[in-house]
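Here is what each chain is made of, one letter per residue.
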Amino acid sequence: MLLALVSLLSCLLPSSEAKVYSRCELARVLQDFGLDGYRGYSLADWVCLAYFTSGFNTAAVDHEADGSTNNGIFQISSRRWCRNLTPNAPNMCGMYCSDLLNPNLKDTVICAMKITQEPQGLGYWEAWRHHCQGKDLTDWVDGCDF
């Protein structure tokens, strides 16, 4: 019984294997996940977003005054998209917020793709609207080998 409880808790707790990606390393990973051109957004859009939301840090968590959190490399909000300890909050991505802290980015990309399907697209993220939207983003992927 104790082993089952420990196993369950280990799934719910964030991974201690935080990763801060380099610009080109992240661009390659996001390209491998198929984000280049997804919903009309370039790879550079996604890399720019990641930089201005988390500094490329997969373990970034921002705690809000209302008890919600913004999680992972894209700072995905627990108010709507993932489950943290807040009961009855929507969980549109169907995952725990701690899943968004995994350095392999699989769950993060799945959730980000779901968010981008909303009418706002990447405009959902204030950081993208202020720092990336409508700007020349070629430098974000310039010099990266794909």
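Residues numbered from 1 in each chain as written. Predicted model: local features only at pLDDT ≥ 70, side-chain atom pairs only at ≥ 80, totals over all residues. Heavy atoms only, no water.

- If you check an unreviewed UniProt entry, the protein chain appears there as Sperm acrosome membrane-associated protein 3 from Macaca nemestrina.
- The Sequence similarities (unreviewed entry) comment attached to the protein chain in UniProt states, word for word, "Belongs to the glycosyl hydrolase 22 family."
- Turning to the protein chain, the UniProt annotation filed under Subunit (unreviewed entry) states: "Interacts with ASTL." (UniProt positions renumbered as here; feature names shortened; annotations may be inferred.)

**Here's the deal with the state of the cysteines**
Here's step 1: Under the criterion given, the structure shown has four disulfides.
Here's step 2: In this model, C48 is linked to C132 through a disulfide, with the two sulfur atoms separated by 2.0 Å. Here the disulfide of C48 and C132 is left-handed, its torsion about the S-S bond being about -90 degrees. Placement of the pair is C48 in helix α3 (residues 43-54) and C132 in the segment after α5 (126-131), with a sequence separation of 84 residues.
Here's step 3: Overall, C132 belongs to the buried group, its relative accessible area being 1%.
Here's step 4: Each sulfur in the disulfide pair C93 and C111 lies 2.0 Å from the other. Between C93 and C111 the disulfide shows an S-S torsion of about 85 degrees. By sign, it is right-handed. (Disulfide = S-S within 2.5 Å. Helix = DSSP H or I, 4+ residues; strand = E, 2+ residues; numbered from the N terminus. Buried < 20%, exposed > 50% of the residue type's maximum accessible area, 1.4 Å probe, protein only.)

**Concerning the pattern of salt bridges**
Here's step 1: Per the counting criterion, the structure on display carries three salt bridges.
Here's step 2: Here R80 and E118 are joined by a salt bridge, their closest N and O atoms 3.1 Å apart. Of this pair, R80 sits in the loop between β3 (76-77) and α4 (106-116) while E118 is found in the loop between α4 and α5, placing the two residues 38 residues apart along the sequence.
Here's step 3: You can call E118 partly exposed: its relative accessible area is 27%. (Salt bridge = Lys/Arg side-chain N within 4 Å of Asp/Glu carboxyl O.)

**A look at the packing of aromatic side chains**
Here's step 1: Scanning the entire structure with this criterion turns up 10 aromatic pairs.
Here's step 2: Note on F56 and W140: the rings are 6.5 Å apart at their centroids and 90 degrees apart in plane angle, and the pair reads as edge-to-face. Residue F56 is found in the loop between α3 and β1 (61-63), and its partner W140 is found in the segment after α5; the two are separated by 84 residues along the sequence. As far as burial versus exposure is concerned, F56 and W140 are alike and both buried.
Here's step 3: Ring geometry for W81 versus Y124: centroids 5.9 Å apart, planes at 85 degrees, classification edge-to-face. One end of the pair, W81, is in the loop between β3 and α4; the other, Y124, is in the loop between α4 and α5, and 43 residues separate them in sequence.
Here's step 4: Under the relative-accessibility criterion, W81 is labelled buried at 1%.
Here's step 5: When its relative accessible area of 24% is taken as the criterion, Y124 is described as partly exposed.
Here's step 6: Through a chain of ring-to-ring contacts, the aromatic side chains of W46, F74, W81, Y124 and W125 assemble into a single cluster. (Phe/Tyr/Trp six-rings, centres within 6.5 Å; stacked < 30°, edge-to-face > 60°.)

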